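Structural characterization, general
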Amino acid sequence: MAAVYSLYIINKSGGLIFYKDYGSAGRMDTNDSLRLASLWHSMHAISQQLSPVAGCTGIELLEADTFDLHCFQSLTGTKFFVVCQPGTQHMEILLKHIYELYTDYVLKNPFYEMEMPIRCELFDINLAQAVQKDRVVLLGR
């Protein structure tokens, strides 16, 4: 069983620009993934406003019985979130690595238009390697 179930990247406006499923039991169709991304964007924004602590950046971890949702927001407002097995450690490191891949292979791609869906083969290849490497480390293989 995979440690990472799925990965989402949301632009600063709340639009889903990348989704990758890594074999979770309940595969979602495109509309469901778009709704989930929009809902997460809204919950993240509301949590910033409701926080009693000044300077709150929003929800970073949502724990449920059957999954954990880890979120990383870049300075530009782009959100990266991973749905993974409960109790999975070091997801913030994986998310920051995914952000580095995003900056290296997507933002530096002269054919990529900001805020649009990500269609970049080098990003896909390096992302698959990063997630696979993370699985190997987490499962101790």
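All values reported here derive from a predicted model rather than from experimental measurement.

**Some remarks on helix α2 (residues 91–107)**
In a regular helix each residue adds 1.5 Å, so 17 residues correspond to 24 Å; α2 covers 22 Å between its end C-alpha atoms and thus fits that length. Turning to α2, its buried residues number three or more, namely Met-91, Leu-94, Leu-95, Ile-98, Leu-101, Tyr-102, Thr-103 and Val-106.

**Considerations on the side chain of Lys-79**
Secondary-structure assignment places Lys-79 in strand β5 (residues 79–84). Among buried Asp, Glu, Lys and Arg side chains, Lys-79 stands out as unpaired, with Glu-115 the closest opposite charge at 9.4 Å. Of note is the side chain of Lys-79, whose polar atom sits 3.0 Å from the side chain of His-41. Residues in contact with Lys-79, not counting those within four places in the same chain, are Tyr-8, Ile-9, Ile-10, Trp-40, His-41, His-44, Cys-71, Phe-72 and Gln-73.

Conventions adopted
Residues numbered from 1 in each chain as written. Predicted model: local features only at pLDDT ≥ 70, side-chain atom pairs only at ≥ 80, totals over all residues. Heavy atoms only, no water. Helix = DSSP H or I, 4+ residues; strand = E, 2+ residues; numbered from the N terminus. Expected span 1.5 Å × (residues − 1). Buried < 20%, exposed > 50% of the residue type's maximum accessible area, 1.4 Å probe, protein only. Lys, Arg positive; Asp, Glu negative; His and termini not counted. Salt bridge = Lys/Arg side-chain N within 4 Å of Asp/Glu carboxyl O. Polar contact = N/O pair within 3.5 Å; in protein donor to acceptor, adjacent residues only side chain to side chain. Contact = heavy atoms within 4.5 Å.

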